[in-house]
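# Survey of secondary and tertiary structure
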Amino acid sequence: MEGREISKAVITRLPRYYRYLGELLDSGVERISSNELSTRMKVTASQIRQDLNNFGGFGQQGYGYNVKYLHTEIAKILGIDRQHNLIIVGAGNLGQAIANYANFEKRGFIIKGMFDINPRLIGLVVRGIEIRGGDDLEQFIADNDVQMAALTIPKTKAPEIADRLVNAGIKAIWNFAHVDLNVPDDVVVENVHLSESLMRLSYRVCSMQDRLAQEKEKLNAKQEKDFK
């Protein structure tokens, strides 16, 4: 894998593999073939093999995949076998929802702090984490070895806060603000645009409805023709 560029599509599928393998582990399944995994995930067996071959394959001819081993190896690839210290900047509804999602801790993401400028929120405690003002943001990052930040603030404030985070040593930003951030090449940004996701969902459902309507129209036309 060293020196190879792994496509974004492959990386996007890895968390799905990890989730399905976790479910198999919980069900007591010890090994699975690519064909069986394909049926569960609705991804072709060939695609699964190609994806995993980017990292060494992990399977054995005639045996399939050892579920526990593959689950562990994908965790290593994704980096969730180690701890990532995280802060949330923006402690409104979305920020608090993220803080309350206990599953992040199971994946190695430890929320160390929450920050907001709203005086009504400062001092509140969410799942044992006190919401702080922004004055000591940089010092908190240094003192708690924080590498990642979730940005759940209005887009007008996001670029300024992102600059502060980068200057304080943050190397990864989970960006929920609807704005593209200008950061150095050594800082990773994962943009989460909820409205864009909803619009993609709208496109898919409308496309399906249009296709079904067209098929129904063709069927009705055929029946009318046959009747005549």
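Everything that follows concerns the structure shown earlier in this document.
Position numbers for residues start from 1 in each chain and track the written sequence from start to end. Totals for whole chains, interfaces and linings use every residue, but because this is a predicted model, local features are given only for residues with pLDDT of at least 70 and side-chain atom pairs only at 80 or more, for both listing and counting. Side-chain numbers come from the whole structure's heavy atoms, not from hydrogens or water.

### Regarding the overall build of the protein chain
Each helix and strand counted, the protein chain has 9 helices and 9 strands in total. For a compact globule of 228 residues, the expected C-alpha radius of gyration is about 17 Å, and the protein chain comes in at 23 Å, more than 25% above that figure. Viewed in the frame of its principal axes, the protein chain has a C-alpha envelope of about 80 × 50 × 35 Å. For the exposure calls, accessible area comes from a 1.4 Å probe over protein chains only, and a residue counts as buried if that area is under 20% of its type's maximum, exposed if over 50%, partly exposed in between. Burial statistics for the protein chain: of 228 residues in total, 35% are counted as buried. By definition in these notes, contact holds between two residues if any of their heavy atoms fall within 4.5 Å. For the protein chain, restricting intrachain contacts to residue pairs at least 6 apart in sequence, the fraction spanning at least 24 positions comes to 56%. Per the convention used, a helix needs a DSSP run of H or I reaching at least four residues, while a strand needs a run of E reaching at least two, with both numbered from the N terminus. Two things to know: the radius of gyration comes from C-alpha atoms, and the globule rule equals 2.2 Å times the number of residues to the power 0.38.

### A closer look at the environment of K155
For K155, the position within the fold is in the loop between β7 (148-151) and α8 (158-167). With 23 residues separating them along the chain, K155 and H178 place their C-alpha atoms 5.5 Å apart. Other than its neighbours up to four places away in sequence, K155 contacts A177, H178 and V179.

### Overview of the packing of aromatic side chains
Aromatic rings in a pair are described by how distant their centres are and how their planes are angled relative to each other. Centres within 6.5 Å are what make two rings of Phe, Tyr or Trp a pair, Trp counting through its six-membered ring; a difference in plane orientation under 30 degrees is then read as stacked, over 60 as edge-to-face, and the rest as tilted. Throughout the structure, instances matching the rule amount to 5 aromatic pairs. Ring geometry for F58 versus Y69: centroids 6.2 Å apart, planes at 70°, classification edge-to-face. With F58 in the loop between α3 (45-53) and β2 (65-66) and Y69 in helix α4 (residues 67-78), this residue pair connects regions lying 11 residues apart in the sequence. Judged by its relative accessible area of 17%, F58 falls in the buried class. The interplanar angle of 90° and the centroid separation of 5.6 Å between the aromatic rings of F104 and W174 together place this pair among those described as edge-to-face. One end of the pair, F104, is in helix α6 (residues 103-106); the other, W174, is in strand β8 (residues 172-175), and 70 residues separate them in sequence. Judged by its relative accessible area of 26%, W174 falls in the partly exposed class. An aromatic cluster of at least three residues, connected via ring pairs, comprises Y101, F104, W174 and F176.

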